[in-house]
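# Chains, contacts and geometry: an overview
Now for the letters of each chain:
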Amino acid sequence: MPVITVVGNKGGAGKTTLSINLANGLNQRKDTILLDTDPQLSSLQWREISSRDDLVDVDDAVDDVESAVAKYKDHYSFVLIDCPPSIQSEQTRQALLQSDLAVIPVLPSPLDLWATVHVEKELEWARGANPDLQGLLVVNQLEPRTRLSKLVHDALAEIDIPTANTAIRRRMAYRNAMLKGCSVHHDGKPAASAAQEINQLIDELVKLTN
Ligand SMILES: Nc1ncnc2c1ncn2[C@@H]1O[C@H](COP(=O)(O)OP(=O)(O)OP(=O)(O)O)[C@@H](O)[C@H]1O
Ligand SMILES: [Mg+2]
């Protein structure tokens, strides 16, 4: 029952967007639950917008991440955790201690890349008690063929955490699906490219946590 946490050191990097879309994509393969540990509770709000019955289950785990993971771990094939903006928050630390893999969305901007230094430190700290914890950087909101996207590629190679082969592009489909209370997997043709890249990223996560 792999536990996958989506963390980062910068607000707005795409943790909630990735959590919701990865969790729904995983849920189409095997039973998945998304735990919302951010006091803003955006993932839970997203789940409450819609009454569709083909969406991933979401639960509030803000007060006690450890107990929530213990409660659901044996009942779901995947547990995903959406974290608060700060990597030093109590919830993020608890989530890292319970996880097999930390997925770290980074925006292709120098400020975001510099902030990953803190992520590296927290991963090291968590590995003191959870030595098998893996980390994976995921470039989010990529705009291909820009000068910045090439620079980002070189900068990521300097960081001591591997980068996913799949990058997530900047697409309206992510915002639209969020607004409608669904994921890119449920939003038809306009979201097909987004669903495809999310599924490709899921293949990488599944391989790492097998
Ligand atoms: N790949 C993408 N393409 C287009 N828009 C995106 C993409 N990823 C995220 N966004 C948008 O960027 C904004 C921030 O994303 P999101 O809320 O997922 O980040 P977050 O890391 O969870 O933020 P916070 O730290 O506040 O929890 C949202 O408006 C979201 O719709
Ligand atoms: Mg969020």
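Residues numbered from 1 in each chain as written. Chains lettered and ligands numbered in written order. Predicted model: local features only at pLDDT ≥ 70, side-chain atom pairs only at ≥ 80, totals over all residues. Heavy atoms only, no water.

Of the regular secondary structure elements, the chain holds eight helices and six strands. When the helices and strands of the chain are listed from N to C terminus, the series reads β-α-β-α-β-α-β-α-β-α-β-α-α-α. At 16 Å, the chain has a C-alpha radius of gyration in line with the 17 Å of a compact globule built from 210 residues. When its C-alpha atoms are laid out on the principal axes, the chain stretches across 45 × 40 × 30 Å. Sequence-distant contacts in the chain: of pairs separated by 6 or more residues, those separated by 24 or more amount to 78%. (Helix = DSSP H or I, 4+ residues; strand = E, 2+ residues; numbered from the N terminus. Rg over C-alpha atoms; globule rule 2.2 N^0.38 Å. Contact = heavy atoms within 4.5 Å.)

What follows deals with the sheet that holds strand β4 (residues 78-82). Taken in spatial order, the six strands line up as β3-β2-β4-β1-β5-β6 in an open sheet, and their pairing is parallel. A single partner strand is all that each edge strand has here, and the edge strands are β3 (57-60) and β6 (134-139). Adjacent strand axes in the sheet meet at a mean angle of 25°, parallel and antiparallel pairs treated alike. Here strand β2 (residues 32-36) runs beside β4; their pairing, made up of five bridges, is parallel. If you follow Leu34 over to β4, its bridge partner there is Leu80. Seen against the sheet, helix α2 (residues 42-49) touches β2, β3 and β4 and runs at an angle of roughly 135° to β3. Packed on one face of the sheet, helix α5 (residues 110-127) meets β5 (101-106) and β6 and runs near 170° to β5. (Pairing = 2+ DSSP bridges. Axes fitted to C-alpha atoms, helices over the stretch in contact; angles between N-to-C directions.)

Listed as buried for helix α3 (residues 65-72) are Val65, Ala68, Val69 and Tyr72. Looking straight down α3, one finds its buried side chains confined to an arc of 100°; they lie on one side. Across α3 from its buried face, at more than 90 degrees, point the exposed residues Ala70 and Lys71. Looking at the packing, one finds that the buried side of α3 touches β1 (3-6), β2, β3, β4 and α4 (90-98). (Buried < 20%, exposed > 50% of the residue type's maximum accessible area, 1.4 Å probe, protein only. Arc of directions from axis to C-beta.)

As a further point, take the pattern of salt bridges. Counted according to the given criterion, the structure contains five salt bridges. As a salt-bridge pair, Arg93 and Glu122 come within 2.9 Å of each other at their nearest N and O atoms. Note that Arg93 is positioned in helix α4 and Glu122 in helix α5, a separation of 29 residues in sequence. Classification of Glu122 by relative accessible area gives buried; the value is 6%. With its nearest N and O atoms 2.9 Å apart, the salt bridge here joins Asp187 to Lys180. Given the relative accessible area of 14%, Asp187 is considered buried. (Salt bridge = Lys/Arg side-chain N within 4 Å of Asp/Glu carboxyl O.)

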